[in-house]
Amino acid sequence: MDGGTWNQSLRPELLVRLARDQGVRDTFLVQLNSPAGVNPALIASMAAVDSVNLAWLKPLLLANGWPTREALQADGVEAVFLLVQHAGRDPAFQAAMLPLLDSAYRKGEVDGQSLALLTDRVAKAQGRRQVYGTQTTAHGSDFVIDPIADSETVDDRRAQLGLPPLAVYKHMLDSLLAHAGTR
């Protein structure tokens, strides 16, 4: 499964699906920072978008492996990653995709941030501490970084994948949340 059977004809559909995925998440961030909080209907809408995307994408990935930039261009590969990252209703699928993503990272097809995000998402779903400190939980109008294994060396692991130190990442998250509330 080397990603060679993906083709450009799938790219427009991936980008449309990604736009829906990101649209509902942008609205979530705005509502998260509002006095009224997040509307439960929005959570249901996000889950529906994720479920539809998973049902469409899962058979493609299982049959074809991880796509290459040559097959889908960089934005198409990024769309695949984000849809997998948001497929939390199927953590076994996410775990099965992690070795494919790791291989794609080693070939230069995806960035280190993508590998860190899915690694931590899978660890969290499996009840383990995360490796890179990318996963958070919203508490009111604040993001709290979920527990990290060996937190004393997390910045070293983050640096190996080209990620900023954890304190810088937390500051970026706080700024994102503050900005979302001003829209």
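What counts, and where the lines are drawn
- Residues numbered from 1 in each chain as written.
- Predicted model: local features only at pLDDT ≥ 70, side-chain atom pairs only at ≥ 80, totals over all residues.
- Heavy atoms only, no water.
- Helix = DSSP H or I, 4+ residues; strand = E, 2+ residues; numbered from the N terminus.
- Rg over C-alpha atoms; globule rule 2.2 N^0.38 Å.
- Buried < 20%, exposed > 50% of the residue type's maximum accessible area, 1.4 Å probe, protein only.
- Contact = heavy atoms within 4.5 Å.
- Axes fitted to C-alpha atoms, helices over the stretch in contact; angles between N-to-C directions.
- Parallel < 35°, antiparallel > 145°, perpendicular 65-115°, else oblique.
- Left-handed = near helix turned anticlockwise from the far one by under 90°.
- Nonpolar A, V, L, I, M, F, W, Y, C, P; charged D, E, K, R; others polar.
- Expected span 1.5 Å × (residues − 1).
- Polar contact = N/O pair within 3.5 Å; in protein donor to acceptor, adjacent residues only side chain to side chain.
- Salt bridge = Lys/Arg side-chain N within 4 Å of Asp/Glu carboxyl O.
- 1 Å grid on protein atoms, 1.4 Å probe; cavity = no way out; pocket = protein on both sides within 12 Å on 5 of 7 lines; lining within 4 Å.
- Points joined across faces, edges and corners; volume = space filled by probe spheres on them.

Caption draft 1: Quick peek at the overall build of the chain. Broken down by element type, the chain carries seven helices and two strands. Element order for the chain, N to C, with α for helix and β for strand: α-α-α-α-α-β-β-α-α. By the compact-globule yardstick of 16 Å for 183 residues, the chain fits well, its C-alpha radius of gyration being 17 Å. Viewed in the frame of its principal axes, the chain has a C-alpha envelope of about 45 × 40 × 25 Å. Buried positions account for 43% of the 183 residues belonging to the chain.

Caption draft 2: Focus on unusual backbone geometry. The backbone phi angle of Gln73 is positive, close to 65°, even though this residue is not glycine. Structurally, Gln73 is set in helix 3 (residues 69-85). Here the phi dihedral of Asp150 falls at roughly 50°; this positive angle occurs in a residue that is not glycine. Structurally, Asp150 is set in the loop between strand 2 (142-145) and helix 6 (154-160).

Caption draft 3: Up close: the environment of Phe93. On the secondary structure map, Phe93 appears in helix 4 (residues 91-106). Between the C-alpha atoms of Phe93 and Gly108, which are 15 residues apart in sequence, the distance is 22 Å. Beyond its immediate stretch of four places on either side in the chain, Phe93 contacts Leu54, Lys58, Leu61, Leu62, Val84 and Ala87.

Caption draft 4: The arrangement of the packing of helix 1 (residues 11-32) against helix 2 (residues 40-64) in detail. Running from N to C, helix 1 and helix 2 cross one another at 160°; their axes reach a closest spacing of 10 Å. One finds that helix 1 runs roughly antiparallel with respect to helix 2. The two elements helix 1 and helix 2 meet at a crossing, and its hand is left-handed. Touching Glu13, Leu14, Arg17, Arg20, Asp21, Val24, Arg25, Thr27, Phe28 and Gln31 of helix 1 are Leu42, Ile43, Ser45, Met46, Val49, Asp50, Val52, Asn53, Trp56 and Leu57, all from helix 2. Residues of the contact of helix 1 with helix 2, tallied by class, amount to 10 nonpolar, four polar and six charged.

Caption draft 5: A look at helix 4. Under the 1.5 Å per step criterion, the end-to-end length of helix 4 is 23 Å for 16 residues, consistent within 8% with the ideal 22 Å. Of the residues making up helix 4, those classed as buried are Phe93, Gln94, Met97, Leu98, Leu100, Leu101 and Ala104. Of the residues one or two after helix 4, Gly108 is the one with positive phi, at around 80°.

Caption draft 6: Spatial organisation of the side chain of Gln135. Checked against the element boundaries, Gln135 lands in the loop between helix 5 (112-125) and strand 1 (136-139). Among the polar contacts listed, one links the side chain of Gln135 to the side chain of Thr134, at a separation of 3.0 Å.

Caption draft 7: Spatial organisation of the pattern of salt bridges. In this structure the tally under the stated criterion is nine salt bridges. Put simply, Asp21 and Arg25 hold a salt bridge, and the shortest N to O gap is 3.1 Å. Of this pair, Asp21 and Arg25 both sit in helix 1, four residues apart, which is roughly one turn of that helix. A residue is classified by how much of its surface remains accessible, and Asp21, at 1% relative accessible area, is buried. By relative accessible area, Arg25 is classed as buried at 15%. In this structure, the salt-bridge partner of Asp150 is Arg157, at a minimum N-O distance of 3.7 Å. Asp150 gets classed as partly exposed once you look at its relative accessible area, which sits at 47%.

Caption draft 8: Region of the structure containing the layout of surface pockets. Roughly 1,300 Å³ of volume is contained in the largest pocket. What lines the largest pocket is a set of 35 residues, and nearest its centre among them are Arg25, His86, Arg121, Gln135 and Thr136. Counting residues per element, the ones that place at least two in the lining of the largest pocket are helix 1, helix 2, helix 3, helix 5, strand 1 and helix 7 (166-180). Of the residues assigned to the lining of the largest pocket, the class counts are 16 nonpolar, 10 polar and nine charged.

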